[in-house]
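Overview (structure and organization)
Residue-level listing of the chains:
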Amino acid sequence: MLAACDFNAMEQVFERATAVSDDPSKYSKVFSTGRRSYVRQFNELYYARLNELKPHVLTHAARRWGGKNITHTLKVLNVEADETTYIVGTVFIDSNKKPSTLEQVEKEHWISDPEISDGYRNGAETVYLEDESGRIRLVGDVVDQLLLVSGIVAAMLGKETPDGSFEVADMCFAGMPPQTALASVAEDKYVAFVSSLSATVECPVTLEMQLLAEYLCGTLGPVSHRPLPAQIVQVVVAGDVLSLPTPPLGHTEDARANDRSAVSALVSAIDSYLADIAAAVPLALMPGAQDPADTSLPQQPIHPSMFAQCKQYSGFRSLSNPALLEVDGHVLLGSSGQNVDDIARYVTYPNNGPTDSPCELAAKSLQWRHIAPSAPDTLWCYPFSDRDPFILAQSPHVYFVGGQDLPDSGEARGSDGQHTTVVTVPKFSKTHCIVLLNLRNMKCTTVQFSATNI
């Protein structure tokens, strides 16, 4: 006998909110390396950077120091003694704490990953400003107290000292580039930022990862918990979706050491896991330091052949790192975190405490108009010859950085009204936490998953 069915008691069905995304080809060439060739020297990249950023730096220098009878000296080596002036060039920090690629070659005879240092500044480093004419040493309290990173293009105000150094009294940078108007969003719509799932061969999908997938798909928990997940219109995985075991170095006769079947099984499991999410909500995937992609920036998109199930869904996109995408008229610039991690190694630590959080460092890079200034000095990158893709042509509405220890949000403001929301995304494998950004009001919230009570 069939029981009567009370349709009023049936679970409420929530319809997924939608957003307008950009054409995948719109920003695809910004961080594309094209056909790779490593025969070029990195000095061409530095020249391209200086030539593009110098006019913007001079504009901000004129705003800052104009009307004070201060002249601009065209070349750093043409500075005259006892004359207050300002010069423009590229910052270079000479420190014995910085990694040396040549030393790595001598020690290892094989380079798999760049050597990582805890910090590059210990008080014994020398700071220079360089241009086409040469370099001049920078000294003074301003140099010691403010954050300077190798590769920044800046203007320095000061005067030459008797020993030929340049004592800096003030400095300025290129400033944030122009920004398009922020599109108005009438209702709550969220972008979910996830980073460092770090799936392993031993446990491809953890309980917390499974809870995350159910949450994003709108099937986790009671009905009262589902309205917010239904408003997620885009998921971004910002790097390190995998944590691959270290491959054997060189050639080995042991067939077991060369067996990569476990890695293939891991990739297949993650493909299936991400496909379940992509079937419910648009998903963008960026490579990270631990993923099967280029070591040097910009990392190119992970090859779609690795995600046979994901690529069946139109909402799945494999992006570069860094990457640009657009959601409902909001321009999102993202990084998997290597650039900000390297900037943090230039931070000095007075009073035994860090002066800037990763979120604040990311915001400062927008003021420099360059998101990876330490490349190629201490951050591996491709030797571009005619352009520097890490220079910002426009200010994004959102700048997110993955692979961080803690979630955080802040803002960067430009002199012409630019406003960028800066978000740091924590490592999911450590915190089991994601960040949700509301496109209506640009506010961030976090969601944490715990399997301890299951």
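Provided above is the structure to which this section pertains.
The model shown is predicted, which means the values in this text are computed figures rather than measured ones.

Quick look at the overall build of the protein chain now. Of regular secondary structure, the protein chain possesses eight helices and 17 strands. By the burial criterion, 47% of the 454 residues in the protein chain qualify as buried.

For the rest of this paragraph, the subject is the sheet that holds strand E10 (residues 316-318). In spatial order, the strands read E10-E9-E8-E7-E16-E17; together these six strands make up an open sheet with mixed pairing. Looking along the sheet, the strands with just one partner apiece sit at the ends: E10 and strand E17 (444-448). Averaged over all pairs of adjacent strands, the angle between strand axes in this sheet comes to 20 degrees, irrespective of strand direction.

So, about the packing of aromatic side chains. Tallied over the full model, the rule gives nine aromatic pairs. Between Tyr215 and Phe449, the aromatic rings sit 5.4 Å apart at their centres with planes inclined by 70 degrees, giving edge-to-face as the arrangement. Remark: Phe449 occurs in the segment after E17 and Tyr215 occurs in helix H4 (residues 207-217); sequence separation between them is 234 residues. For the pair Tyr215 and Phe449, a shared accessibility class is recorded, and that class is buried. Each ring, one from Phe307 and one from Phe316, has its centre 5.9 Å from the other, and the planes form 50 degrees; the classification is tilted. Comparing Phe307 with Phe316, the two get one shared label, buried.

This brings us to the state of the cysteines. By definition, a disulfide is the covalent link that joins the sulfur atoms of two cysteine residues. Tallied over the full model, the rule gives zero disulfides. Unpaired in terms of disulfides, Cys444 finds its nearest cysteine sulfur in Cys359, a separation of 8.6 Å. We classify Cys444 as partly exposed; its relative accessible area is 26%.

As a further point, take the pattern of salt bridges. This model, assessed by the stated rule, comprises 14 salt bridges. The salt bridge involving Arg64 is made with Asp170; its shortest N-O contact spans 2.8 Å. Within this pair, whereas Arg64 is found in helix H1 (residues 43-65), its partner Asp170 is found in strand E6 (residues 166-172), the two being separated by 106 residues in sequence. We classify Arg64 as partly exposed; its relative accessible area is 44%. Here Lys75 ties to Glu132 by a salt bridge, and the two come within 2.8 Å at their closest N and O atoms.

So, about the environment of Asp271. In this structure, Asp271 sits in helix H5 (residues 261-278). Considering only alpha carbons, one finds Asp271 and Met306, 35 residues apart in sequence, at a separation of 7.4 Å. Contacts of Asp271, omitting those with residues within four sequence positions, involve Met306, Phe307, Ala308, Gln309 and Cys310.

The alternating pattern of strand E9 (residues 283-286) places Leu283 and Leu285 and Ala284 and Met286 on opposite faces, both of which are buried. As defined by bridge partners, strand E8 (residues 232-238) adjoins E9 across four bridges and the pair is classed as parallel. Paired with Val237 across the bridge in E9 is Leu285. Judged from the three bridges that link them, E9 and E10 form a sheet pairing that is parallel. Within E10, the residue paired with Leu285 across the bridge is Ser318.

Counting through the fold element by element, Val201 comes out in the loop between strand E7 (190-194) and H4. Other than its neighbours up to four places away in sequence, Val201 contacts Pro245, Ala262 and Leu266.

All right, on to the packing of H4 against H5 then. At a closest axis distance of 9 Å, the pairing of H4 and H5 adopts a crossing angle of 25 degrees. One finds that H4 runs roughly parallel with respect to H5. Facing H4, whose interface residues are Met209, Gln210, Leu212, Ala213, Leu216 and Cys217, H5 presents Ile270, Tyr273, Asp276 and Ile277. Split into classes, the residues belonging to the contact of H4 with H5 amount to eight nonpolar, one polar and one charged.

As a further point, take unusual backbone geometry. Most peptide bonds are trans, and most residues other than glycine sit at a negative phi. With an omega of 5 degrees, the peptide bond running from Asn321 to Pro322 counts as cis. Structurally, Pro322 can be placed in the loop between E10 and strand E11 (323-327). Along the chain, Ala375 connects to Pro376 via a cis peptide bond; the corresponding omega equals 10 degrees. Mapped onto the elements, Pro376 comes out in the loop between helix H7 (358-367) and strand E13 (398-404). Not every positive phi belongs to a glycine, and Asp328 is a case in point at roughly 50 degrees. Inspection of the secondary structure assignment puts Asp328 in the loop between E11 and strand E12 (330-335). Of note, the phi angle at Arg369 is positive, near 65 degrees, even though the residue is not glycine. Taking the relative accessible area as the measure of exposure, Arg369 reaches 7% and is therefore buried.

Each value, and the rule that gives it
Residues numbered from 1 in each chain as written. Predicted model: local features only at pLDDT ≥ 70, side-chain atom pairs only at ≥ 80, totals over all residues. Heavy atoms only, no water. Helix = DSSP H or I, 4+ residues; strand = E, 2+ residues; numbered from the N terminus. Buried < 20%, exposed > 50% of the residue type's maximum accessible area, 1.4 Å probe, protein only. Pairing = 2+ DSSP bridges. Axes fitted to C-alpha atoms, helices over the stretch in contact; angles between N-to-C directions. Phe/Tyr/Trp six-rings, centres within 6.5 Å; stacked < 30°, edge-to-face > 60°. Disulfide = S-S within 2.5 Å. Salt bridge = Lys/Arg side-chain N within 4 Å of Asp/Glu carboxyl O. Contact = heavy atoms within 4.5 Å. Parallel < 35°, antiparallel > 145°, perpendicular 65-115°, else oblique. Nonpolar A, V, L, I, M, F, W, Y, C, P; charged D, E, K, R; others polar.

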